[in-house]
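# Structural features, examined
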Amino acid sequence: QVQLVESGGGLVQAGGSLRLSCAASARTLTTGPMGWFRQAPGKEREFVAAISWGGGSTYYADSVKGRFTISRDNAKNTVYLQMNSLKPEDTAVYYCAARPPFSSSSSNEYEYQYWGQGTQVTVSS
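Reference entry: report on the structure contained in this document. (Residues numbered from 1 in each chain as written. Predicted model: local features only at pLDDT ≥ 70, side-chain atom pairs only at ≥ 80, totals over all residues. Heavy atoms only, no water.)

## A few points about the pattern of salt bridges
As a working rule, side chains carrying opposite charge can pair if their charged atoms are close by. Counted under the stated rule, the structure contains six salt bridges. In this structure, Arg45 and Glu109 form a salt bridge, with 3.1 Å as the shortest nitrogen-oxygen distance. Placement of the pair is Arg45 in the loop between strand E4 (34–39) and strand E5 (46–51) and Glu109 in the loop between strand E9 (92–98) and strand E10 (114–115), with a sequence separation of 64 residues. Given the relative accessible area of 26%, Arg45 is considered partly exposed. The salt bridge partner of Asp90 is Arg67, with a shortest N-O separation of 2.7 Å. Of the two residues, Asp90 sits in the loop between strand E8 (78–83) and E9 while Arg67 sits in the loop between strand E6 (58–60) and strand E7 (68–73), which places them 23 residues apart along the sequence. Here the two residues Asp90 and Arg67 agree in accessibility, since each one is buried. Shared partners join several salt bridges into a network, and the residues in it are Arg38, Glu46, Arg67 and Asp90. (Salt bridge = Lys/Arg side-chain N within 4 Å of Asp/Glu carboxyl O. Helix = DSSP H or I, 4+ residues; strand = E, 2+ residues; numbered from the N terminus. Buried < 20%, exposed > 50% of the residue type's maximum accessible area, 1.4 Å probe, protein only.)

Quick look at the structure:
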């Protein structure tokens, strides 16, 4: 059973930073693209960022471009989301997700095979 476990969420003031981590239980996930999504109260889940299996290509939603950075350490089976200059509108539950090995990166949540349980990020104004 593949598991993804997020951590690093919390409460931060606007303008602050947080670093989310997502640890994968299976080494096979290190050969697949990973992504971060978020869901705010009353809204649909939306794409935040994605990274290729080798880490050489990254993709971001326009709303976070220039503020968030996705990275991965395959030796640790972990993907990160560094969030800077946080805004109240970034408040949401953040989920990491994994695509099958050797597939391409995607912003489409339905193309992701495994999901974490989510971690809450709250940005106060």
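## Quick notes on the packing of aromatic side chains
This structure, assessed with the given rule, holds five aromatic pairs. The ring of Tyr95 has Arg45 lying over it, and the distance from NZ or CZ to the ring centre is 5.2 Å. In this arrangement the basic side chain of Arg45 is found over the ring face of Trp115, its NZ or CZ atom lying 3.8 Å from the centre. (Phe/Tyr/Trp six-rings, centres within 6.5 Å; stacked < 30°, edge-to-face > 60°. Lys NZ or Arg CZ within 6 Å of the ring centre and 35° of its normal.)

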